[in-house]
Amino acid sequence: MTNYSRKQRLEMTLDDRLQQQEGWVYMTGMQALVRLPIQQRMRDEAAGLNTGGYISGYRGSPVGAYDMSLQQAEKELKAHNIHFQPGVNEDLAATATWGAQMVGLFPGAKVDGVFSIWYGKAPGLDRSMDAIRHANLAGTNTVGGTLLLVGDDHGAKSSTVACYSDLNFASLGLPFLAPANVQDVFDYGLHGIAMSRYASTLVGMKLVTDVVEGGGSVYVSPDNPKITTPDDTGPDTSIKTFTPFLEQERLLWDVKLKKVMTYARANEINRIEEAPEARIGIMAAGKAWQDTSQALSGLGYIDGKLGNTSISLLKIGMVWPLDDAIVREFCKDLHTLLIVEEKRPLLEDQVRAILYDSDIRPNIVGKHFKSSSDSAADCAFPTYGEIDPNLVSQVLLR
């Protein structure tokens, strides 16, 4: 180690994770969630926007330490006009973060808009579905936006039930992102707020223990990640003092979710890692992507090849709604598509629906090796419990 590198290492402090303007910083996923609203406020200020931040929720693993971490950063949060108010319960917190989007609709506002963050574990989402459904239909402020941080405990390690929120998001008509590592937590959080502002939907972020409690080097910069806001020539979908209820439903399903897809494509939320002449493709999101990457590395995957076999990869950042265009692009030359996901087959069902009426028909291996069989021998990834890199390796080898 050179004297220079020693000096650089000694100059790093714990405060860097909140204060460093640019460069690499080591963070845990939880620390990235604390830096997230600060970074959003810094971006707004650089863009000339007079905004505030509001955070409320109710603790529960794997986001159980979020409130304590926010309280420890109170001085830094206040300096950036961000208010943290722990909720008495998840429902009241969800109602309050919804209310934050109404700033600017009535006289007396001191800021142009407020971005809000709600947090809770999966059972908290279960009990708050009514308030969140109303908020999602009502919409968001164009300089506000709402991000939902939902902690899922797939293995019931600290819960009385195995927690899985994906289908709840889909039921709400609420797009959600699934980070695979700490950099994703930070980047997807900023994209989630920007997407919420643009499309006027709430945006969820699914956080599992392995991701939020993991750590890694995160690149922070005033313009990282680069965010592209697409042109918007459609109807105004932002929150109003009142919008007729059936019009709210029409706007969500016929306008806002299309804008969500436009944003996701413009910002490459889902990304293909293409291997020349690949006839096998692998798709995964969140922790399953992390497991898949580790399994491939252990099997010697390098430069798009596993031995002599070329394999293309598709990292899904937005699990629902799934981008039909990127699925068709990815699958067009494939013989076999492997879909790695825990719990229910949400990605698999969407892929099958997307390809049903097309000429693109790869052999899909998801929950089963043979879609017509439900025998244990043909099970690839079970609909219960958790998966790990060893299981992914076994499926790949078979």
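One structure accompanies this document, and this report is about it. (Residues numbered from 1 in each chain as written. Predicted model: local features only at pLDDT ≥ 70, side-chain atom pairs only at ≥ 80, totals over all residues. Heavy atoms only, no water.)

Topic: the overall build of the protein chain
The helix and strand tally for the protein chain stands at 16 helices and 15 strands. For 398 residues, the compact-globule estimate of 2.2 N^0.38 gives 21 Å, and the C-alpha radius of gyration of the protein chain, at 21 Å, lies within 12% of that figure. Counting only C-alpha atoms, the protein chain reaches 65 × 65 × 45 Å along its principal axes. Counting the 398 residues in the protein chain, one finds 57% classified as buried. In the protein chain, 81% of the contacts between residues at least 6 apart in sequence involve partners at least 24 apart. Working note: accessible area of the protein chain is about 18100 Å², and carbon and sulfur atoms make up 51% of it. Taking the average place of the 38 positive charges on the side chains of the protein chain and the average place of its 48 negative ones, the gap between the two points comes to 2 Å. (Helix = DSSP H or I, 4+ residues; strand = E, 2+ residues; numbered from the N terminus. Rg over C-alpha atoms; globule rule 2.2 N^0.38 Å. Buried < 20%, exposed > 50% of the residue type's maximum accessible area, 1.4 Å probe, protein only. Contact = heavy atoms within 4.5 Å. Areas by Shrake-Rupley, 256 points an atom, 1.4 Å probe, with all protein chains shown as cover. Lys, Arg positive; Asp, Glu negative; His and termini not counted. Charge placed at Lys NZ, Arg CZ, Asp CG, Glu CD.)

Focus on the pairing of strand S14 (residues 336–340)
Counting buried positions along S14 gives 5 out of 5 residues, so the element sits mostly inside the fold. Side chains of S14 alternate between two faces, with Thr 336, Leu 338 and Val 340 and Leu 337 and Ile 339 buried alike. With 5 bridges connecting them, strand S10 (residues 280–285) and S14 associate as parallel partners. The partner of Ala 284 across the bridge, within S14, is Val 340. In terms of strand pairing, S14 meets strand S15 (residues 363–365) through 3 bridges, oriented parallel. Note on S15: the bridge partner recorded for Thr 336 is Asn 363. Following the backbone out of S14, through helix H15 (residues 346–355) and into the adjacent parallel S15, one traces a crossover that is right-handed. (Pairing = 2+ DSSP bridges. Right-handed = clockwise from strand over helix to strand, strands pointing away.)

As for the side chain of Arg 41
Note on placement: Arg 41 falls in helix H3 (residues 29–46). One buried charged side chain, Arg 41, makes no salt bridge at all; its nearest oppositely charged neighbour is Glu 45, positioned 4.7 Å away. Polar contacts involving the side chain of Arg 41 include one to the main-chain carbonyl oxygen of His 80, which spans 3.4 Å. Not counting residues within four places of it along the chain, the set of residues in contact with Arg 41 comprises Leu 49, Thr 51, His 80, Asn 81, Ile 82 and Phe 115. (Salt bridge = Lys/Arg side-chain N within 4 Å of Asp/Glu carboxyl O. Polar contact = N/O pair within 3.5 Å; in protein donor to acceptor, adjacent residues only side chain to side chain.)

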